[in-house]
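Next come the chains, spelled out residue by residue.
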There are 2 protein chains.
Amino acid sequence: MGTTQLESVPEPKYWHLKTVLSEALDSEFSVGEILPNERDLAARFGVARATLRQALEQLELEGRLQRRRGVGTTVAPPRMGVAVGTELHVWPGAPGDAWQPVDCVTEVPAAAVAAALETGADEPVHTVRRSRVTHGQRVAAELLHIPAASVPDLSGIDAPAGVARARAVLRELQRLELEGRDSAVELGSARADDAKELDRLPGAPVLVVTTRYLAAGRTAALSVATYRADTCRLTFGDSGNVEIHEDPHRHAS
Amino acid sequence: MGTTQLESVPEPKYWHLKTVLSEALDSEFSVGEILPNERDLAARFGVARATLRQALEQLELEGRLQRRRGVGTTVAPPRMGVAVGTELHVWPGAPGDAWQPVDCVTEVPAAAVAAALETGADEPVHTVRRSRVTHGQRVAAELLHIPAASVPDLSGIDAPAGVARARAVLRELQRLELEGRDSAVELGSARADDAKELDRLPGAPVLVVTTRYLAAGRTAALSVATYRADTCRLTFGDSGNVEIHEDPHRHAS
DNA sequence: TAGTGGTCTAGACCACGGA
DNA sequence: CCGTGGTCTAGACCACTAA
């Protein structure tokens, strides 16, 4: 036939759309600027709204866009670097750490937490809730699990819960000698409570950082911190922290 | 009215669906088992297929499911821990590292890479492509950028590209003294080339690990590694590496 | 109250894998 | 070839925000 078949691998529309939008963001928009609404954009590109939304979702996942219901879609600033792996051999709650205690409860934890802490099934655990603010933005929410056995001298505190108790638990933790630490990062989706704390909808993508603190040959504390994946880049520096100004991954190929 | 209004905050259908499916996966399915197809599942729960797919997407994002076109949806095994932050003060390509060189080209890089390397705009850079296999699975693809100035004694090599040249560049790199390193982790979506290497569709969620290697007071190499976010948990241990058996994040709350 | 993004539907067709 | 998940459409209604 006379028809040429160049499109041997037809690219999905939303993928092509994402590329076009991405280039437009680089050249025609500046940070914080509001994009046209989804219905107009879809009409302009001649696609259904659902298809446009698929492209926007990808761009939001990559931290290029920010969407807020009732407001609109704006161009996101570059992701902020958030230090996670520095301050070796320091307990949570040490002077100058980036976290702010919010609450504390003491109870027998869920089975998964007990297993990670290697505690007995009936052993009570203090769970401190903390939040992290960087550059004026709430970037992470944390649950810090501390077996009651790790902080035995908590007798003078009568507060059954709340910030006061959280501070007391953290203070007692400093008395132990920290022997080591290991962390893991994985992708997750925000639970309802974390989503509220992070000002996102439930299910929003988050980076979950799980850290075990070791003392006296056992796990003395377990931190599960959820960071906003759209706005954060987690940095693990073992040398001086230098900012990488532009993302080499974005434009490569 | 006599009708009670308990649903003050109506939960989205796909969110409830995700919870139900998640519990079913825990109790009624085992790893590797094939779920009913999407049309049957949607009918069984009385929702449109698109709504069901929204729930499945979330579960896949959390590493609970694996979906393959033409095959079906299966229950995913727990995420594998992949060491990323150990082996301090070791160059890429050192004996025993987990990466396998695939290719190497030498050319003037994209602007973003040049900026991160702090090289001049016209300075050539070796780009080594490597892939990482763990537990028999391709888990990551890497582009390793090395300024030509970091490996000046590359004269005896006549191969213009390919694995041989990659090995030669890595070998030369070992002659420098590594002074430090810093890494960053962020969420991204797989480019077409990485997706093919990782056996995923383009746009699949990945964890992008950017590492700068420092020597002689400058950036001697820059690694951009993309890990499959669905199957990997990146571990950064500064003490012995101990596996966390079950994810404390999954079941909490 | 008007306009935004978020959810949901009931279809259709396509690309891929295996029999 | 058939069955799977992946893409796409053209609507509808809801939840939220700001004026």
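Residues numbered from 1 in each chain as written. Chains lettered and ligands numbered in written order. Predicted model: local features only at pLDDT ≥ 70, side-chain atom pairs only at ≥ 80, totals over all residues. Heavy atoms only, no water.

Looking at an unreviewed UniProt entry, one finds chain A named GntR family transcriptional regulator, with Streptomyces mangrovisoli as its source organism.

## Here's the deal with the protein's contact with DNA strand D
What surrounds DNA strand D is a group of 27 residues, the closest being A:Lys13, A:Ala48, A:Thr51, B:Asn37 and B:Arg49. Counting only atoms of DNA strand D within 4 Å of the protein, the sugar-phosphate share comes to 67%. Within the backbone of B:Glu38, one N or O atom sits 2.9 Å away from a phosphate oxygen of DNA strand D. For DNA strand D, a base oxygen lies 3.0 Å from a polar atom in the side chain of B:Arg39. (Near = heavy atom within 4 Å. Polar contact = N/O pair within 3.5 Å; in protein donor to acceptor, adjacent residues only side chain to side chain.)

## A look at the pairing of strand β6 (residues 137-147) of chain A
Residues and elements named next belong to chain A. Within β6, nine of the eleven residues are buried, leaving the element largely enclosed by the surrounding structure. Counting the residues between successive antiparallel strands, the hairpin from strand β5 (residues 125-134) to β6 contains two residues, one of them, His 135, with a positive phi of roughly 55°. In this sheet, strand β9 (residues 218-228) lies alongside β6 in antiparallel orientation, the contact comprising six bridges. Residue pairing for β9: Ala 141 is matched across the bridge by Thr 226. (Buried < 20%, exposed > 50% of the residue type's maximum accessible area, 1.4 Å probe, protein only. Helix = DSSP H or I, 4+ residues; strand = E, 2+ residues; numbered from the N terminus. Pairing = 2+ DSSP bridges.)

## A short note on helix α3 (residues 49-61) of chain B
If you check α3(B), its first and last C-alpha atoms are 18 Å apart, about what 13 residues at 1.5 Å a residue would give, namely 18 Å. For α3(B), every residue scored as buried is listed here: B:Leu52, B:Ala55, B:Leu56, B:Gln58, B:Leu59, B:Glu60 and B:Leu61. On its buried face, α3(B) is in contact with β7 (180-189) of chain A together with α1 (13-28), α2 (38-45), β1 (65-68) and β8 (205-215) of chain B. One or two positions beyond α3(B), positive phi appears at B:Gly63, with a value near 80°. (Expected span 1.5 Å × (residues − 1). Contact = heavy atoms within 4.5 Å.)

## Brief notes about the sheet that holds strand β9 (residues 218-228) of chain B
Strand order in this open sheet of eight strands is β3(A)-β10(A)-β7(B)-β8(B)-β9(B)-β6(B)-β5(B)-β4(B), and the pairing throughout is mixed. Across the chains shown, the open sheet's two edge strands, defined by having one partner strand only, are β3 (80-83) of chain A together with β4 (99-107) of chain B. Across the sheet, the axes of successive neighbouring strands diverge by a mean angle of 20°, strand direction being ignored. Where strand β10 (residues 232-237) of chain A meets strand β7 (residues 180-189) of chain B, four bridges bridge the pair, whose relative direction is antiparallel. Directly across from A:Thr235, in β7(B), lies its bridge partner B:Ala184. (Axes fitted to C-alpha atoms, helices over the stretch in contact; angles between N-to-C directions.)

## Focus on the pairing of β7(B)
Residue and element names in this part refer to chain B. β7 sits mainly inside the fold: ten of its ten residues count as buried. Judged by which residues are buried, β7 turns out to be covered on both faces: Gly 180, Asp 182, Ala 184, Glu 186 and Gly 188 on one side and Arg 181, Ser 183, Val 185, Leu 187 and Ser 189 on the other are all buried. Across ten bridges, the pairing between β7 and β8 is antiparallel. Among the inter-strand pairings, Leu 187 is bridged to a residue of β8, identified as Leu 207.

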